[in-house]
Amino acid sequence: MSKACAGNLAAHGAGVTVRKDFVQVCGGSAEQCFQLAAEFFAVVARARSAFTRRASIIALSRPDEHYGRHFTVVPGALIISGGHVEPKIFESKA
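Here the structure is a predicted model, which means the values were calculated and not measured.

1. Quick look at the nonpolar core
If you look at the biggest cluster of nonpolar residues, it comprises 14 residues, and the most contacted ones within it are F41, F71, V73 and L78. Elements with a contribution of two residues or more to this core: α2 (30-44), β5 (51-59) and β6 (62-74).

Take a look at the structure:
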């Protein structure tokens, strides 16, 4: 874990910090961050309806080289998708 992320230890686990409605996830790679985000949302959003948020993926060693993804949180899963259009969520009314 990088020195910049080392201070981001919160009650949610290593590398996950929550500030108001902003969730910061720090890890060694994008894939590790995705896994940490999936574990975080599996706990804190388990009783919520599905939702999508925009995520910025930023390497601390190259902050000018960032890219975006959509994180769609549904019970039991985190779906990561690219593109400019936010994924649509269709939930059963039954």
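2. Focus on α2
For the α-helix, the turn length of 3.6 residues means that residues three or four positions removed from each other point alike. Taking 1.5 Å of rise per residue, the 15 residues of α2 would be expected to cover 21 Å, and the 21 Å separating its terminal C-alpha atoms lies within 8% of that figure. Buried residues of α2: A30, C33, F34, L36, A37, F40 and F41, and no others. Projection of α2 onto a plane perpendicular to its axis shows the buried side chains occupying an angular sector of 165 degrees, all on one side.

3. What to know about the sheet that holds strand β7 (residues 77-81)
Overall, antiparallel pairing links the three strands, which are arranged β5-β6-β7 in an open sheet. The outermost strands of the open sheet, each flanked by one partner alone, are β5 and β7. Each strand axis lies, on average, 35 degrees off the axis of its neighbour in the sheet, ignoring direction. Both β5 and β6 contribute to a ladder of nine bridges, which runs antiparallel. The residue of β6 that forms the bridge with F51 is V73.

Quick notes on the rules
For every chain, the first residue of the written sequence is number 1, and numbering continues from 1 along that sequence. Given that the model is predicted, a residue must reach a pLDDT of at least 70 before its local features are reported, and side-chain atom pairs must reach 80 or more before they are shown or counted; all residues, however, enter totals for whole chains, interfaces and linings. Excluded from the side-chain calculations are hydrogens and water; all other atoms, namely the structure's heavy atoms, are used. Residues grouped as a nonpolar core are buried Ala, Val, Leu, Ile, Met, Phe, Trp, Tyr and Cys residues, joined through side-chain atoms within 4.5 Å. Each residue's exposure class comes from its accessible area (1.4 Å probe, protein chains only) as a fraction of the maximum for that residue type: buried when under 20%, exposed when over 50%, partly exposed otherwise. Helix and strand definitions here come from DSSP, where helices need a minimum of 4 consecutive H or I residues and strands a minimum of 2 consecutive E residues; each element is numbered from the N-terminal end. Take the number of residues in a helix, subtract one, and multiply by 1.5 Å to get its expected span. Relevant arc is that of directions from the helix axis to the C-beta atoms, nothing else. Any two strands are treated as partners once DSSP identifies two or more bridges connecting them. In this description, a line fitted to the C-alpha atoms serves as the axis of each element, helices being fitted only across the stretch in contact, and the angle between N-to-C directions of two axes falls anywhere from 0 to 180 degrees.

These results come straight from atomic positions and should not be treated as a statement about function.
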